[in-house]
Amino acid sequence: MHRTRSVVCAEDASLLAFCGFFHSHQTAYRVRVAFHPHRPPPSQSQLNQHGLAPFVSIEACPALSRLLTPHAHAVATRMQNCTSIRAFLSELTHLILDRSRVRLVRLDDSFSRIALEITDTSGRPHELEISLPPDYPARAPTCSACTPKPFVCPWPLDSAAAAEKGPLATLMERYRAHVEGFAEFWAVMEEMDAECCVLEPDMPTRADTSRRMALPDHCSILVHINPDSPFQICECRFLGAESTVNDLCQRLHVNISKWQTSRTPLANLREVLNVEFPARSSEAFEESGMECAICYSSRVNNLLPDRVCDDENCRKAFHSRCLLEWLRSVPSSQQSFDTMFGRCPYCTYPINVKVSLAL
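Reading guide: rules and limits
- Positions within a chain are numbered from 1, following the residues in the order the chain's sequence is written.
- Reporting in this predicted model follows two pLDDT cut-offs: at least 70 for local features of residues, and 80 or more for side-chain atom pairs to be given and counted; totals over whole chains, interfaces and linings ignore these cut-offs and use all residues.
- Only hydrogens and water are set aside; all other atoms, that is, all heavy atoms of the structure, feed into the side-chain values.
- Segments assigned H or I by DSSP are reported as helices when at least four residues long, segments assigned E as strands when at least two residues long, and all are numbered from the N terminus.
- Polar contact is the term for a pair of N or O atoms within 3.5 Å; when the atoms are in protein, one must be able to donate a hydrogen and the other to accept it, and sequence-neighboring residues count only if both atoms are side-chain atoms.
- Contacts: residue pairs with any heavy atoms within 4.5 Å of one another.
- Here, strands pair whenever DSSP counts at least two bridges between them.
- Under this scheme, a helix contributes an axis fitted over its contacting stretch, all axes are lines through C-alpha atoms, and angles between N-to-C directions fall in the 0 to 180 degree range.
- Relative accessibility decides the category of a residue: with a 1.4 Å probe and only protein chains considered, values under 20% of the type maximum give buried, values over 50% give exposed, and everything between is partly exposed.
- To sort the angles, those under 35 degrees are grouped as roughly parallel, those over 145 as roughly antiparallel, those from 65 to 115 as roughly perpendicular, and the leftovers as oblique.
- Nonpolar residues are Ala, Val, Leu, Ile, Met, Phe, Trp, Tyr, Cys and Pro. Charged residues are Asp, Glu, Lys and Arg, and all others, Gly as well, are polar.
- Whenever Lys or Arg places a side-chain nitrogen within 4 Å of a carboxyl oxygen from Asp or Glu, that contact is recorded as a salt bridge.
- Each Phe, Tyr or Trp ring, with Trp reduced to its six-membered ring, pairs with another whose centre is within 6.5 Å; inter-plane angles below 30 degrees give stacked pairs, above 60 give edge-to-face pairs, and intermediate values give tilted ones.
- Comment: the charge-over-ring label is applied if NZ (Lys) or CZ (Arg) is within 6 Å of the ring centre and within 35 degrees of the ring normal.

Peer 1: Please clarify how the side chain of Thr-209 should be interpreted in this entry.
Peer 2: Mapped onto the fold, Thr-209 is located in the loop between β9 (198-200) and β10 (210-215). Side chain to side chain, Thr-209 and His-224 meet in a polar contact 3.0 Å long. Not counting the four nearest positions on each side in its chain, Thr-209 is found in contact with Pro-148, Phe-185, Met-189, Val-223, His-224, Ile-225 and Pro-227.

Peer 1: Where do I start with the sheet that holds strand β8 (residues 142-145) in this structure?
Peer 2: By way of backbone hydrogen bonds, the strands of a sheet pair with one another, either parallel or antiparallel. What the four strands build is an open sheet, ordered β5-β6-β7-β8; its pairing is antiparallel. Strands at the two margins of the open sheet, each flanked by one partner only, are β5 (103-107) and β8. Neighbour-to-neighbour, the strand axes of the sheet open up by a mean angle of 25°, direction not taken into account.

Peer 1: Please clarify how the side chain of Asp-306 should be interpreted in this entry.
Peer 2: Among the structural elements, Asp-306 can be located in the loop between α10 (282-287) and β13 (307-308). A polar contact is formed between the side chain of Asp-306 and the side chain of Ser-320, at a distance of 2.7 Å. Sequence-distant contacts of Asp-306, that is, excluding residues within four places in its chain, are made with Arg-212, Leu-239, Gly-240, Phe-318, His-319 and Ser-320.

Peer 1: Got a minute to help me understand the environment of Lys-354 in this structure?
Peer 2: With respect to the helices and strands, Lys-354 occurs in strand β17 (residues 350-354). A relative accessible area of 42% places Lys-354 in the partly exposed class. C-alpha of Lys-354 to C-alpha of Arg-307: the two residues are 47 residues apart in sequence and 9.8 Å apart in space. With residues up to four places along the chain from it excluded, the contact list for Lys-354 reads Asp-338 and Thr-339.

Peer 1: I would appreciate a short explanation of the packing of helix α7 (residues 183-195) against helix α9 (residues 265-273) in the present structure.
Peer 2: Two measures define how a pair of helices packs: the angle their axes make with one another and the distance between the axes. Two elements in contact, α7 and α9, have axes separated by 9 Å at closest approach and are oriented at 60°. In this view, α7 runs oblique relative to α9, as classed from their interaxial angle. Taking contact as the criterion, the partners of Val-188, Glu-191, Met-192 and Glu-195 in α7 are, on α9, Pro-265, Leu-266 and Arg-270. Taken together, the residues of the contact of α7 with α9 break down into four nonpolar, no polar and three charged.

Peer 1: It is not clear to me how the sheet that holds strand β16 (residues 339-343) should be interpreted in this structure. Could you clarify?
Peer 2: Taking strand neighbours across the sheet as the criterion, the three strands line up as β15-β16-β17 in an open arrangement whose pairing is antiparallel. Edge positions in the sheet fall to β15 (334-336) and β17, since each of these pairs with one other strand and no more. Pairs of neighbouring strands in the sheet enclose a mean axial angle of 25°, with direction left out of account. Relative to β17, β16 runs antiparallel, the two sharing five bridges. Following the sheet pairing, Met-340 is matched in β17 by Val-353. Here helix α11 (residues 320-329) sits on the sheet and contacts β16 and β17; the angle it forms with β17, its principal contact strand, is near 120°.

Peer 1: Looking at this model, I keep getting lost on the pattern of salt bridges. Mind explaining?
Peer 2: Working definition: two side chains of opposite charge can pair if their charged atoms are close together. Applying the stated criterion across every chain, the model contains twelve salt bridges. As a salt-bridge pair, Arg-124 and Asp-120 come within 3.1 Å of each other at their nearest N and O atoms. Across this residue pair, the class does not change: Arg-124 and Asp-120 are buried. For Arg-270, the salt bridge identified is with Glu-195, shortest N-O distance 3.1 Å. Residue Arg-270 is located in helix α9, and its partner Glu-195 is located in helix α7; the two are separated by 75 residues in the primary sequence. Here the salt bridges do not stand alone but share partners, grouping Arg-106, Arg-113, Glu-127 and Glu-129 into one network.

Peer 1: What am I meant to see in the packing of aromatic side chains here?
Peer 2: To describe a pair of aromatic rings, you give the distance between the ring centres and the angle between the ring planes. Scanning the entire structure with this criterion turns up two aromatic pairs. With a centroid separation of 5.3 Å and 65° between ring planes, the pair formed by Phe-151 and Tyr-175 is classed as edge-to-face. With a gap of 24 residues between them, Phe-151 in the loop between β8 and α5 (159-165) and Tyr-175 in helix α6 (residues 167-180) connect regions that are remote in the sequence. Each member of the pair, Phe-151 as well as Tyr-175, carries the same accessibility label: buried. Between Phe-182 and Trp-186 the ring centres are 5.6 Å apart and the planes differ by 65°, which places this aromatic pair in the edge-to-face class. For the pair Phe-182 and Trp-186, one class covers both residues: buried. Against the face of Tyr-346 rests Lys-316, its NZ or CZ located 5.1 Å from the ring centre.

Peer 1: How should I be thinking about the pairing of β16 in this particular structure?
Peer 2: Along any regular strand the residues' side chains alternate between the sheet's two faces. Across three bridges, β15 lies against β16 in antiparallel orientation. The residue bridging Ser-336 from the neighbouring strand is Thr-339, located in β16. Between β15 and β16, which pair antiparallel and follow one another directly, the connecting turn spans two residues, one of which, Phe-337, has a positive phi of 55°. The hairpin turn running from β16 into β17, its antiparallel successor, is six residues long, and Thr-348 in that turn takes a positive phi close to 65°.

Keep in mind that these numbers describe shape and distance, not what the molecule does.
So this is what it looks like as structure tokens:
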């Protein structure tokens, strides 16, 4: 569906430097590959033994640098395996082609449902499932994608572009532009997944805009990131013992002015809350106390415990639903409006739960 071609030539008769352009998706990427100017050219035996990597440098335009940065290892491998600049440039052309092409994932027997995959500039694969109506392309196809906001493509497509490339290719170009708009958002979420103990969701997808992360003292924070403005102040909700939650809320209120949009939300939360987020590990999950002390399960209806006893010597965690059922079974418990009051099943310290959150 997409063509990638290169126009690259030697700068002079010495064949020590090549420059030119790769053309992909109507974009020209400038590149220059040359042997180091202050070193003697390597012999063929040296090239056969070490490849190009120790002897050449690559100068790429910013757009090509961004395109290839996630694939630095693949570029380095190609440099090690190639013994001439011409061969390396040919390999680089294929690499860009692999990055820019549309891959067929699934196609049903009736040819009415098709799944296509593209790769964004950061190397993330994205699948688009397309259902074609019987009168396609007169009527718009139905598209399903795993993105934080729905992919909606105006239909009918621009007649000139659709006539030149075909409606399906034009649709995929629109989808590529759609996913590229979430590049910063996904980078923010990936940083949280990599550096924190994420409690929920259990298996995040690229459509998820929230993360619940473990904090010290059997507490956790639920953050919601705006996919359109991922570096802005995010929505936060603290879960845990009331005394710990109150302290964190106070820190957030006092230090929120320290939030800087030049930093990621995770870096800002560390600064504003003055806390270190436990690293991603099974030990961190266990230390967060995310096992209900009533049902002895971590998840009920895919939900983790969200209430913690305030007694510092107890700190047992409970699902709101489990705690509500327990308190309702105890005659001394009392309900006032939307809150059920009672005592911790383990230490008898006062505890309460919102009825609306437990149902």
